[in-house]
Amino acid sequence: MTNVTILGTGFAALTAARKLRAADKMLEITVVAPEPRLVYLPSLIWLPSGQRKPHDIVVPLESFFRRHNIRYVQAAAEGLGEGGRLVKITDGEIRNDGLIIGTGGKFIKKLPGIEHALTPCEGVAPVMAFKERLEQLESGTLAFGFSGNPKEGTAMRGGPMFEFLFGTDELLRRQGRRDRFKLVFFSPAPKPGIRLGEKALPRIMRRMKELGIETHLGHKMVRFEPNLVVTEGGEFDADLILFMPGITGNPWFDNTDLPRSPGGLIKADDHCRVPGFTCTYVAGDAGSFPGPDWMPKQAHMADLQATAAAANLVDELKGKTPRRTFRVELMCVIDDNKSGTLVARTPRFNLVLPRMGLAHRSKVFFERMYLRRYR
């Protein structure tokens with residue numbers, strides 16, 4: 001029986017598992033990850049307001065694995081051998097005929113004092129810490145920012161920071177205490193969010209101005225202190241810092257012969273195949289893919305890449321030439337807890353709709369429909 005190993009339980013890994021099972025009922029599929037659960041990262045933004053509780057967005061996967069006849073191994077990947085046919089894991093190794101890597105990336109934590117900032121997309125814990133600390137503050141300055149990987153422009157995830165920023169503003173207004181807080185958005189980029197498109201950025205900046213949110217842009221980060229953000233263009237007080245650094249490869253990538261991009265991610269071609277390796281694919285944040293410099297690191301893109309990777313792996317295992325490519329598109333709703341702005345970008349067009357309550361409700365509906373397949 002042909003065996004495929006999938007590393008991870010994020011969006012890319014689980015989409016690959018579903019697509020592989022749909023393509024071949026007899027395929028032996030093994031998923032390797034430290035925990036059998038999916039954290040629905042897009043909904044982290046609703047934890048501070050209480051619109052979501054942690055158990056709403058952390059989905060146990062045991063039932064999903066049983067329904068799809070998938071073997072789960074609780075372990076962490078630690079390296080590869082034999083051209084990808086051997087995965088070295090905690091306390092052992094697993095052999096495979098095909099491999100899909102979906103373990104995501106790692107946030108770059110080299111900035112001095114970064115331990116004083118919370119990185120929300122690391123999971124539930126930092127967002128709940130933000131919620132608790134915000135509730136304890138009577139007044140103060142709240143700082144929200146993001147940066148990228150200086151060696152790889154696409155290795156960043158900035159969109160959620162706009163949602164945490166606007167969502168916090170809306171939450172404080174609803175609580176009747178917005179006037180006691182100063183909100184500051186900062187980034188070393190002079191045009192943060194430009195990857196959303198030329199149409200989106202002016203609207204975002206205009207919205208910040210309308211809400212009285214200050215900006216500190218275009219200055220290289222120097223360090224964080226317990227109550228201070230320091231850049232080459234000056235510094236400002238901050239009682240609470242939410243910061244999303246750029247993305248690089250996971251440490252276990254160093255224990256492999258996988259080709260790496262300048263930013264430390266796994267190189268892939270437009271079929272999601274790792275160059276120089278047979279039956280070895282990567283999808284999602286772990287990979288560096290050919291495409292425009294605005295190609296997003298987001299769940300939707302990971303799903304598209306995983307769909308292509310699964311189809312191509314099935315073909316390669318059957319002796320066929322992989323031909324499936326993935327669409328490059330950015331699709332997101334910049335949500336503020338009660339309304340949202342739909343932003344879409346492809347190589348052909350850039351769409352930005354007016355802010356409306358329908359966009360927020362659509363995001364809630366999509367979450368519900370997406371998670372049904374895993375509950």
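Look up a bit, the structure's there.
All values derive from a computational prediction rather than experimental measurement. (Residues numbered from 1 in each chain as written. Predicted model: local features only at pLDDT ≥ 70, side-chain atom pairs only at ≥ 80, totals over all residues. Heavy atoms only, no water.)

Draft legend 1. A look at the overall build of the protein. Within the protein one finds eight helices and 24 strands. In summary, the protein has a C-alpha radius of gyration of 21 Å against a globular reference of 21 Å for 375 residues, a match within 12%. In terms of overall dimensions, the protein has C-alpha extents of about 65 × 45 × 40 Å along its principal axes. Each of the 375 residues in the protein was classed as buried or not, and the buried ones make up 58%. Partitioning the contacts of the protein with sequence separation of at least 6, the portion at a separation of at least 24 is 66%. Per element, the accessible surface of the protein, about 16300 Å² overall, is 51% carbon and sulfur. Each charge class in the protein was averaged separately, 54 positive and 41 negative side chains, and the resulting centres sit 6 Å apart. (Helix = DSSP H or I, 4+ residues; strand = E, 2+ residues; numbered from the N terminus. Rg over C-alpha atoms; globule rule 2.2 N^0.38 Å. Buried < 20%, exposed > 50% of the residue type's maximum accessible area, 1.4 Å probe, protein only. Contact = heavy atoms within 4.5 Å. Areas by Shrake-Rupley, 256 points an atom, 1.4 Å probe, with all protein chains shown as cover. Lys, Arg positive; Asp, Glu negative; His and termini not counted. Charge placed at Lys NZ, Arg CZ, Asp CG, Glu CD.)

Draft legend 2. How the structure looks around the packing of helix H5 (residues 159-174) against helix H6 (residues 200-210). Between H5 and H6, whose axes approach to 11 Å, the crossing angle comes to 25 degrees. Between H5 and H6, the angle falls in the class roughly parallel. Seen along the crossing, H5 lies across H6 with a hand that is left-handed. Residue-level contacts link Phe162, Leu165 and Phe166 of H5 to Ile204, Arg207 and Met208 of H6. Partitioned by chemical class, the residues of the contact of H5 with H6 number five nonpolar, no polar and one charged. (Axes fitted to C-alpha atoms, helices over the stretch in contact; angles between N-to-C directions. Parallel < 35°, antiparallel > 145°, perpendicular 65-115°, else oblique. Left-handed = near helix turned anticlockwise from the far one by under 90°. Nonpolar A, V, L, I, M, F, W, Y, C, P; charged D, E, K, R; others polar.)

Draft legend 3. Region of interest: unusual backbone geometry. The backbone of Asn69 shows a phi angle near 55 degrees, a positive value even though the residue is not glycine. Residue position: Asn69 is located in the loop between helix H3 (62-67) and strand S5 (70-74). Using a relative accessible area of 57% as the deciding quantity, one classes Asn69 as exposed.

Draft legend 4. Structural view of the nonpolar core. Ile6, Ile101 and Phe144 are the most contacted members of the largest nonpolar core, which has 109 residues in total. In this structure, Phe144 is in contact with Phe130, Met161, Phe164, Leu165, Thr168, Leu183, Val184, Phe185, Phe186 and Leu242, ignoring residues within four places of it in sequence. Grouped together as the second largest cluster of nonpolar side chains are 13 residues, Leu111, Phe236, Ala238 and Phe243 included. (Core = buried A, V, L, I, M, F, W, Y, C linked by side-chain atoms within 4.5 Å.)

Draft legend 5. Structural detail: the environment of Ile101. Looking at the element boundaries, Ile101 is found in strand S9 (residues 98-101). It is 11 Å that separates the C-alpha atoms of Ile101 and Val4, two residues lying 97 residues apart in sequence. Discounting chain neighbours no more than four positions away, the residues touching Ile101 are Leu7, Leu80, Trp252, Leu258, Ile266, Tyr281, Val282, Ala283 and Ala286.

Draft legend 6. Layout of the sheet that holds strand S22 (residues 330-335). Taken together, three strands build an open sheet; the order of strands is S22-S23-S24 and the sheet is antiparallel. Single-partner strands in this sheet number two, and they are S22 and strand S24 (350-352). Taken pair by pair, the neighbouring strands of this sheet meet at an average axis angle of 10 degrees, ignoring direction. Bridging between S22 and strand S23 (residues 340-345) involves six bridges; their strand directions are antiparallel. Along S23, the bridge assignment pairs Val333 with Leu342. (Pairing = 2+ DSSP bridges.)

Draft legend 7. Seen up close, the sheet that holds strand S13 (residues 214-217). What the four strands build is an open sheet, ordered S13-S12-S11-S17; its pairing is parallel. Pairing within the sheet leaves two strands with one partner each, and these edge strands are S13 and strand S17 (240-244). The sheet shows a mean angle of 15 degrees between the axes of neighbouring strands, direction not considered. Note that strand S11 (residues 140-146) and S17 share five bridges and pair parallel. Within S17, the residue paired with Phe146 across the bridge is Met244. Where helix H4 (residues 124-136) meets the sheet, it contacts S11, strand S12 (181-187) and S17, and its direction lies at approximately 155 degrees from that of S17.

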